[in-house]
Each structure stands twice: as C-alpha cells, then as structure tokens.
Amino acid sequence: MRRAASKKTGQSNSNPSAADLFRSASSKANSKELERIDSLFYSYANGSSGLIDPEGIEALCADMEVDHTDLRILMLAWKMKSEEQGYFTVDEWRRGLKALRADTVSKLKKALPDLEKEVRRPSNFSDFYSYAFQYCLTEEKQKSIDIESICELLSLVLGSTFPAQVSLFVEYLKNQNDYKVVNMDQWMGFFRFCNEISFPSLSDYDPELAWPLILDNFVEWLREKKKI
Amino acid sequence: MKKRQFCIERFKNRVVVDSNYAEKTWKILEDAIHDIYNHNACDPTFDELSRNAYNMVLHRFGEKLYTGLEKTMTSHLKQISQSIESAQGESFLEELNRKWVDHNKALGKIRDILMYMDRTFVPSNHKTPVHELGMNLWRDVVIHSNKTKTRLRDTLLDLVLRERNGEVISRGLMRNLLKMLMDLGSSVYQKDFEDRFLEASEIFYSCESEKFIKSCDCEDYLKKVESCLNIEKERASHYLDSSSESKIISVVEKKMIENHRHTLIDMNKSVLVNMLRGDKYEDLERMFNMFRRVHSGLTIIKDVMTSFIRDTGKQLIMDPERLKNPVDFVQCLLVLKDKYDKVITLAFANDKSFQNALNSAFEYFINLSARSPEFISLFVDDKLRREIKGVGEEDVETVLDKVMMLFRYLQEKDVFEKYYKQHLAKRLLSWKTVSDEAERSLIFKLKTECGYQFTSKLEDSPTLSVQVLTTGSWPTQPSPQCNLPSEIRGLCEKFRNYYLGSHSGRRLTWQANMGNADLKATFGKGQKHELNVSTYQMCVLMLFNNADRMTCKEIEQATAIPMSDLKRCLQSLALVKGKNVLRKELMSKDISEDDVFFFNEKFTSKLFKVKIGTVVAQRETEPENIETRQRVEEERKPQIETAIVRVMKSRRVLEHNNVIAEVTKQLQARFLPNPVVIKKQIESLIEREFLERDKVDRELYRYLA
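This structure is a prediction, so every number in the text was calculated from the model and none was measured. (Residues numbered from 1 in each chain as written. Chains lettered and ligands numbered in written order. Predicted model: local features only at pLDDT ≥ 70, side-chain atom pairs only at ≥ 80, totals over all residues. Heavy atoms only, no water.)

Caption draft 1: Inspection of the confidence of the model for chain B at higher detail. Residues and elements named next belong to chain B. Taken over all residues, the pLDDT of chain B has a mean of 81, while the share at 70 or more is 84%. Confidence drops under a pLDDT of 50 for residues 452-476, and excluding neighbours within four residues, the segment shows 41 contacts in the predicted structure. The complex model carries a pTM of 0.53, and its ipTM stands at 0.77. (pLDDT = per-residue confidence, 0-100. Contact = heavy atoms within 4.5 Å.)

Listed below in structure tokens is the structure:
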C-alpha cells in the first residue's frame, strides 16, 4: 500500500482506508477542533484587517512564553506556509495548527519541540532555510536583503548548527564593501558551503568551480586572515 | 598415302662418338684454360675452342666439361691464392688487385668459349653459371683462404685509419678492392669489410669526440663536427659502396653529437645566446644543422631562443625610461622582431616551429604591459601624422604591415580600438594625416583582422566651419561641453535652429573638443594676425578680451574645459616658441593651476596667418589612463553578458567550467575575459532569472527561456 507522501504538511502517514475511517468517525471531533482553531485565530486577529498582525503575534508569543524573535516562531510560519512576514491569514493559521494538532495555546506551545525536530530533519531543513530568506522579502519584486538583516537572519537560522562559519561570515559581511545586499543564490550558496566544505581547513574549496563570487571572496578573506 | 608424322629430324651429320673423343676434346680445352690463366697465347683459335666445347655438350659430355672446368679453375685459383698470401707488406693489396683483374679477364674468355654449355647444359642441370662459378670460387679459394680473409680486412681498415690520421693512401686501390667485395655479393662486402669498418669508426669517433669536447669551445667543436661529416662523406663517395654512406654518417652523428648532447647543450646555452645577440648567422646555422641531426635537438635551440626573446622583451617593456617615449618603444619592438625574423630565415631554415616560438614569445611579453595597446596606437598616430618628405606610399605600407603584426599579438584588442579611434579622430579633424590612402589601408587591414566595425567612412568634409558628423560613422567620444564665448553661442544657436529646422528628428551635440576657429587678433604694436586655433583655444583667448590676466583655475571656471585638456591648451598657447600668444608668469615648463597668464602684447610672427597647433596626441597621464581602463572594463561587461546568453541559449544546459571556456573562446578576438567577471555576470543573470542553477548538480547552469 502506498504511503501518503505528505511529510511537509505534517499529516500523519496512514492507510487511505484508515484515514477514511478516521475522518468519518471523528468528523464531529474534527469540526470541533476547527472551531476552536478559528476562535483562537480571532482572539489574536486585528478586527479591521481580519489578519493576525505583528501586535497579535507578539501577544501570542507572550502567551506561549516564547520571545517573538525566537526561531521557533519562524518555524511556525514555515509550517503555516505563511507568505507575509509579521502577518498570519486565517487560512495559514488553520493550515499550521491543524497540522500540529493544536487548538489551544498550551497545545501549540507543547507542539513546538516536535516542530523544531521536524524542521531540523535534513530533508526539511534546506527547504526551511530557503523559506527563511523568502519570508524576509517584504517588498514586491524584492530579490535581495540588506547586509545587516542578513547577518541577523543567518545567526538566527544557522547560528546553532554552524556557529564558526556563521560568525566568521557575518564578520566578513560587515567588514567588506563589495556587497550591500545578498540574494537567494548567494544565501543558498552559503548553506551549501557550510555543508560541503571542511572547516576551518577549507582545503576542498575551489574558486574555479561554480561557487557564488561572494563566497570566493569570503574564502580569500579567511585565508588572508589565517596568515596574519 | 603415307602418313607423315611431324618430328624433329635428327642432326644429319652424325659424328661417331668414341670414349676417347671426350677425353681428347677435354684435353684441348683444359690446355686452353691453362694458357688463358698463364697469359699464354692459345694455339687453337677461339672458334675451334668454342666448337669443341659445343661438341662435348652435344655429345652428352657436358658433365665432364663442367666438372673439368671446376677442377681446373680451382687449382689455378689455389696457386693464385698462395702467391697472394706470400705477398709482403704493401704489395699484398696490389697483388690481390692484379690477380683479381686477371681472373676477371680470364673468366670472361672462358665463359665465351663455354657459352653454349652456359646456356644449355647449365640451366637444365641446375648448375651454377660460369661467371658466377668463377666468382664463387674466387671468393672461397682466394678471399676466404685462412690467411687472406683477416689480412685483407685488417689491411683495408688500417688504410682507412691512416687516411683519417692524415696520411695519403691509394684511393683507387681501395675502390677497386671494395668493388670486388661488392661484386662477390653484398653480404661478402658487409661481412668482410663494412661491419668491421663501422665498428672501427665508432671507436675512432668516440675517441675523437672525447678529445675535442674537452679542448674545444662550443663553436670550434661544431666546426669540427661539420668537417668530420664532410670528410666521411667524401671518403664514402670516393671508394666506399654507396650503401655505406648513410651508415657512416649516422655513426659520426651518434658519436659526436648525440652522445654528447647534454654537454653540448649546457655549453651551448650561453654560447647560443651570444650568437643570437651578435647576429652570428653562420655559427647559428651550423649549430642548427648539427642539432637537427639529433633527436629533439632543435627543441633545445628553440627553447633557448624563446626564453631569450622573452627576457629581452620583458626588459624592454618594463624599462621605465623607454616607456616615456611610446613611439620609440614600439620602434624597438619592430627592430627586435626584424632581428629574429632574419635569424630564423638565414640561420634556422625558416623553420615553422621556430616562427611559432617567436610569435608566442612576442605575444607573451607584449601583453605584460597594460599600456601596449595605447602605445601601438600612438606609434601609428605618429607615423600617419608625419609629413615626412620623400617617404613614399610603399614605406608607409610596410610600416603599417608591421604594426598589424604587433596588433595580432595584443590580447586586449578592444583597448587598442579605443585609443585608435581617439587618435584617428584627432588626426582627421586637424587634417594631420599623411594620406587618406594610408588611413584607409590601415582601417581595411584592421577590419580584415577583426571583422569589426572599426571606423568606416572618411568623409570629404566641406569647408564649412561646422562639420556635422553622423554618430554612426565617426568614433564617438564623450564630448565635454565647454562654455563658449557669448559671441559664438549666438551663432551656434542660429545654426542649431537652422539645422534642426531642415532635419527634424535629429539631435545635435556640439563636440567642443574638436573644432577650429579663425580669430583676428591685434597685438601690442598694432600687429594684426589671423590665428587659426581650436575651439578650446578660442574660448581661452576670447576671455582675454575682458581681462588682462587670469589664473589657470579662473580660466577653467570660466570655460568649463576639463583641466587636463585645458593644461594642454595653455601649453600650446603659451609655451610653444613662435606661437606664444599668451605669456605665462612663471617660466616653468609645467602648468599648475595657480599659474597666471597674460595676453602677450609682444607676440610677433612673420606670417599673417598663424596656425596654433593643438598639442599632439599625448601619452595619457596616470589618472586618464585609469579612466580609460575603467571605461574599457565597463564596456566589456555587456559583451561578456551577451556572450554568456548566446552560449547558454544554444547549449541550454552547461557546466560552469565549460561556460567559462566557451565565453572566453567567443570573446578572444577582442580581449581575454577575466573568469571572475564572467562569474559575476552569470550570477547577475541568475538573479534576473535568465539562468538558474541545477537543483542536483551545482556546477550546472540551465537557460530559462
């Protein structure tokens, strides 16, 4: 029997027949859950816009006892497939909380550790990493993010996984003058770099390959630094 | 009717055969053979003998005849052999030779007598023909007799050695005897002489080469080798068999050159360099010919030549003194090229690989300096400007061809184009070319070389003071605007209105940096002159209508002429003898911003019309240089991008390294693109979503339609 392949949305792998049973048997329970999710949404949402705005998110975070700059909030946004930074629509909210099987704040809070585990799975993390970049593109047609924000984002997203590389790259970005912004290609390039290049030796880095130029410059900067 | 059978009738004259007959007949012949060998006159005539032999064969006594012949000849040869063996000293060879000649004569006669047998009995009984028999017997009985065999060989070799050591020997004798051996069969020649001859020669030349290589210097050693080769060649032609010539030559080559290759090379490096420096064509040719014979010998010479040219060229290019005078510098390059062309033609047999080496050496060092394109253009400018009397069209052509050759070496052809256009424009607008023909010729050559839109039309300009140049056909340059004097401005406006009135839809931009004006000026003592000046010069001079003195800075502010151009302008107005309509307060050669200028009341000139020339195309100053270079770099970016798109469009999917290679190939006729810049452009194209990276293979790019 083929398994339902929907890991990203977090739906549990189950037999179609079992799912049918589940749905039919607990449809009542389901609709109750949905109701609670919705009402939770509207408790935080802005009356006029019908969205949860930054203020609402802050309130939610306070209730969950999580700092609103915490990475887990970003992970939550990812789970929701939220499009606009700082805002959650009702559809996004429903999607996320349903997947997490959370209809109360406390359940949501309890779901966070598992969510983190899920995100950090190698198969998901690359997707999350690129999502993080896109999420920060606030203007329409914006393709790149300014250095300052990139440094913050990088530290937030990769700081715990690759502390050495991240801190050095951040230092490099702050000290150089060639680049004022970083684009998606460069962002993803750095992730590849962390995963593939041995650090701190950098022995297998070859600038004649297709690495983004910014990384060629970074490596050169590192090598110069080592000499001193 | 009797049936007649066709048959060969028997010989009618049947001679009665008796057993004695054979014996008797043979005796006659035997005696004859004796007589022949003993140089006695034969009693029976040739015809009689011949008939006797014939009869014997006819009557089936051929076997007896043949065997008899063999025996008789053998016994004679034995005697001969003994007499040869007992010959003393010098006479050994002579005796041998004499007896050989005799034997041949005798053999000839015998064969003639026995011709019938030779033609009938011999083949049908598979016997060796008489002549051959004679040869074989000579070989076996005489030459290969125990004593003679070695003695002959040793004597011959000894003679060769003596001749090599300078003695005169009897070449005729040698020739005859060696021919004899050849006649006996080439294997006899080889075994009895040649093999040992070659061995002995090897030893001889090994010693010789050892001796000379220690005592001679390089040039003398090569002369020695050459002479040895000649001697051996001559000897071979005189008395050796022709097949031996190439063998002995290669012995000499091997022993004298090949075996000492490394010593010679080390000796040669500095010697070779000196030869090149001093244009010693003969010595070089000799060395070339020597090394040609040796495996990879020429490569060595070529390498030495290449690195010497590279070093010379490098020094030339890095010499700061030289670089102050670009025309001189390029002239030196041409001289250098001429020198080596000559060397290759006269000494190196015009060898193609040497020519290629020369070209690559030039390409290497010319591109070491980023200013080479500029300097070559300045050289061209100088040549095309000079109104040298007596310089024919031909000479200009030759010079231009040489320039084209240097042009081909340039990697940054687009930089050259930039400067060429600048200089060309200045030449044309100030009417300073030697000939239109020459200009056209050069443009044609450049176009042929690059297939590019180097400047096209040379327009015959009208005598209007306004030349309207269509941007397409003239090299466009950014035209710094300057503040024209009010008098002129009015006229310009009028013209603009007129022009745009009759040609709508066009844009008119004044190219103030290239224009002419005729000014009427009155000087201190009332001298009137008509001054022919450039637009800039006009603007400057007109200021002095309203002021007596102005500083350079003030002039800049008033006219808005770029400082570098202004300085040149002031130089031409104040510092050129005979043309100094302005006076500079400080008598220094350079112009600084604070220098004060006065109208020169005291200006005089014999001519009414004074032409104040613009200062000739100068070598760019440092900052100008940097600016030009930056412009070039900027212009290259879109070219690189276009090339990338072109490549990706046709290949759809391509790896990073291949993209770099393809793009480089596409652009190499213009310049050598920097892989880093290519990478940057690729990334820009990725950002703008013309290309994407493959999800799986990060080295792969994909074209997004």
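After that view, the rundown keeps rolling.
Caption draft 2: Local environment of the environment of A:Leu74. Residue and element names in this part refer to chain A. Residue placement: Leu74 occurs in helix α4 (residues 71-80). Here Leu74 falls in the buried class, since its relative accessible area comes to 9%. When the C-alpha atoms of Leu74 and Gln85 are compared, they prove to be 9.2 Å apart, with eleven residues separating the residues in sequence. Excluding its chain neighbours within four sequence positions, the residues that come into contact with Leu74 are Phe128, Tyr131, Ala132, Tyr135 and Val157. (Helix = DSSP H or I, 4+ residues; strand = E, 2+ residues; numbered from the N terminus. Buried < 20%, exposed > 50% of the residue type's maximum accessible area, 1.4 Å probe, protein only.)

Caption draft 3: Just the sheet that holds strand β3 (residues 549-551) of chain B, in detail. Residue and element names in this part refer to chain B. Taken in spatial order, the three strands line up as β3-β5-β4 in an open sheet, and their pairing is antiparallel. Only two strands of the sheet have a single partner each, and these edge strands are β3 and β4 (582-584). Across this sheet, the average inter-strand angle for adjacent strands is 30°, counted without regard to direction. With three bridges connecting them, β3 and strand β5 (residues 596-599) associate as antiparallel partners. Counterpart to Arg549 in the pairing with β5 is Phe598. Against the sheet, helix α25 (residues 552-559) contacts β3 and β5, and its axis sits at roughly 90° relative to β3. (Pairing = 2+ DSSP bridges. Axes fitted to C-alpha atoms, helices over the stretch in contact; angles between N-to-C directions.)

Caption draft 4: Here's a closer look at helix α10 (residues 184-196) of chain A. All names here are of chain A. For α10, spanning 13 residues, the distance from its first C-alpha to its last is 18 Å, which sits close to the expected 18 Å at 1.5 Å a residue. Burial within α10 is extensive, with ten of its 13 residues counted as buried. Regarding α10, the residues found buried are Asp185, Gln186, Trp187, Met188, Gly189, Phe190, Phe191, Arg192, Phe193 and Cys194. At the N-terminal end of α10, a side-chain oxygen is found 3.2 Å from the backbone nitrogen of Asp185, two or three residues along, and the residue is Asn183. (Expected span 1.5 Å × (residues − 1). Polar contact = N/O pair within 3.5 Å; in protein donor to acceptor, adjacent residues only side chain to side chain.)

Caption draft 5: Just the nonpolar core, in detail. Of all hydrophobic cores here, the largest spans 76 residues; its most connected members are B:Met287, B:Met305, B:Phe348 and B:Leu406. Not counting chain neighbours up to four residues away, the residues in contact with B:Met305 comprise B:Leu276, B:Tyr340, B:Ile344, B:Phe348, B:Phe354, B:Ala357 and B:Leu358. One finds A:Leu115, A:Ile150, A:Val157 and A:Ile214 within the second-largest nonpolar core, a separate group that totals 71 residues. (Core = buried A, V, L, I, M, F, W, Y, C linked by side-chain atoms within 4.5 Å.)

Caption draft 6: Expanded view of the packing of aromatic side chains. Across all of its chains, the model carries 35 aromatic pairs over all chains by this definition. Ring centres 4.3 Å apart and planes at 10° place the aromatic pair A:Phe169 and A:Phe190 in the stacked group. In this pair, A:Phe169 sits in helix α9 (residues 163-175) while A:Phe190 sits in helix α10, placing the two residues 21 residues apart along the sequence. A:Phe190 shares its class with A:Phe169; the two are buried. Relative to B:Phe375, the ring of B:Phe329 lies with its centre 5.7 Å away and its plane at 75°, an arrangement referred to as edge-to-face. Highlighted residues: B:Phe329 in helix α17 (residues 326-346) and B:Phe375 in helix α19 (residues 372-385), separated in sequence by 46 residues. Given the relative accessible area of 1%, B:Phe375 is considered buried. An aromatic cluster is built from A:Phe169, A:Tyr172, A:Phe190, A:Phe193, A:Phe199, A:Tyr205, A:Trp211, A:Phe218 and A:Trp221, whose rings are joined through pairwise contacts. Across the ring face of B:Tyr364, the terminal group of B:Arg310 is positioned such that the distance to the ring centre comes to 4.0 Å. The lysine or arginine in question, B:Lys413, covers the ring of B:Phe407, its NZ or CZ lying 5.7 Å from the ring centre. (Phe/Tyr/Trp six-rings, centres within 6.5 Å; stacked < 30°, edge-to-face > 60°. Lys NZ or Arg CZ within 6 Å of the ring centre and 35° of its normal.)

Caption draft 7: Main features of the interface of chain B and chain A. Contact with chain B, which involves 13 residues of that partner, is made by 13 residues of chain A. Summed over both sides, the interface between chain B and chain A buries roughly 1200 Å², with carbon and sulfur atoms accounting for 46% of that surface. Put simply, chain B and chain A have eleven residue pairs in polar contact (both at pLDDT 80 or more) between them. For the side of chain B that touches chain A, the secondary-structure elements that each account for two or more residues are α28 (656-667) and α29 (675-687) of chain B. Counted by class, the side of chain B that touches chain A contains three nonpolar, two polar and eight charged residues. (Buried area = accessible area lost by both parts, 1.4 Å probe. Nonpolar A, V, L, I, M, F, W, Y, C, P; charged D, E, K, R; others polar.)

Caption draft 8: Looking closely at the pattern of salt bridges. One pass over the structure, following the stated rule, counts 60 salt bridges over all chains. Note that A:Lys107 and A:Asp103 form a salt bridge whose closest N and O atoms lie 2.8 Å from each other. Of the charged contacts in the structure, one is a salt bridge between B:Lys324 and B:Glu321, with a shortest N-O distance of 3.6 Å. Salt bridges sharing common partners tie together B:Glu163, B:Arg164, B:Arg171, B:Glu232, B:Glu234 and B:Arg235. (Salt bridge = Lys/Arg side-chain N within 4 Å of Asp/Glu carboxyl O.)

Caption draft 9: The arrangement of the side chain of B:His76 in detail. Positionally, B:His76 belongs in helix α3 (residues 62-85). Beyond its immediate chain neighbours, meaning those up to four positions away, B:His76 contacts B:Ile33, B:His34, B:Tyr37 and B:Asn38.

Caption draft 10: Quick peek at the environment of A:Ala111. As for its position among the elements, A:Ala111 is in helix α6 (residues 105-120). Separated by eleven residues in sequence, A:Ala111 and A:Leu100 have C-alpha atoms that sit 6.5 Å apart.

Caption draft 11: Looking closely at the side chain of B:His529. Examined against the element boundaries, B:His529 turns out to sit in strand β2 (residues 528-534). Engagement of the side chain of B:His529 in a polar contact is seen with the backbone oxygen of B:Phe608, the distance being 3.2 Å.

Caption draft 12: Examining the packing of helix α4 (residues 91-113) of chain B against helix α8 (residues 146-164) of chain B more closely. All names here are of chain B. Orientation of α4 relative to α8, taken along the N-to-C sense of each, is 115°, at an axis distance of 10 Å. If you check the angle between α4 and α8, you find them roughly perpendicular. As for the relative orientation of α4 and α8, their crossing is left-handed in sense. Taking contact as the criterion, the partners of Phe92, Leu93 and Leu96 in α4 are, on α8, Thr148, Arg151, Leu152, Thr155 and Leu159. Its residues assigned to classes, the contact of α4 with α8 shows five nonpolar, two polar and one charged. (Parallel < 35°, antiparallel > 145°, perpendicular 65-115°, else oblique. Left-handed = near helix turned anticlockwise from the far one by under 90°.)

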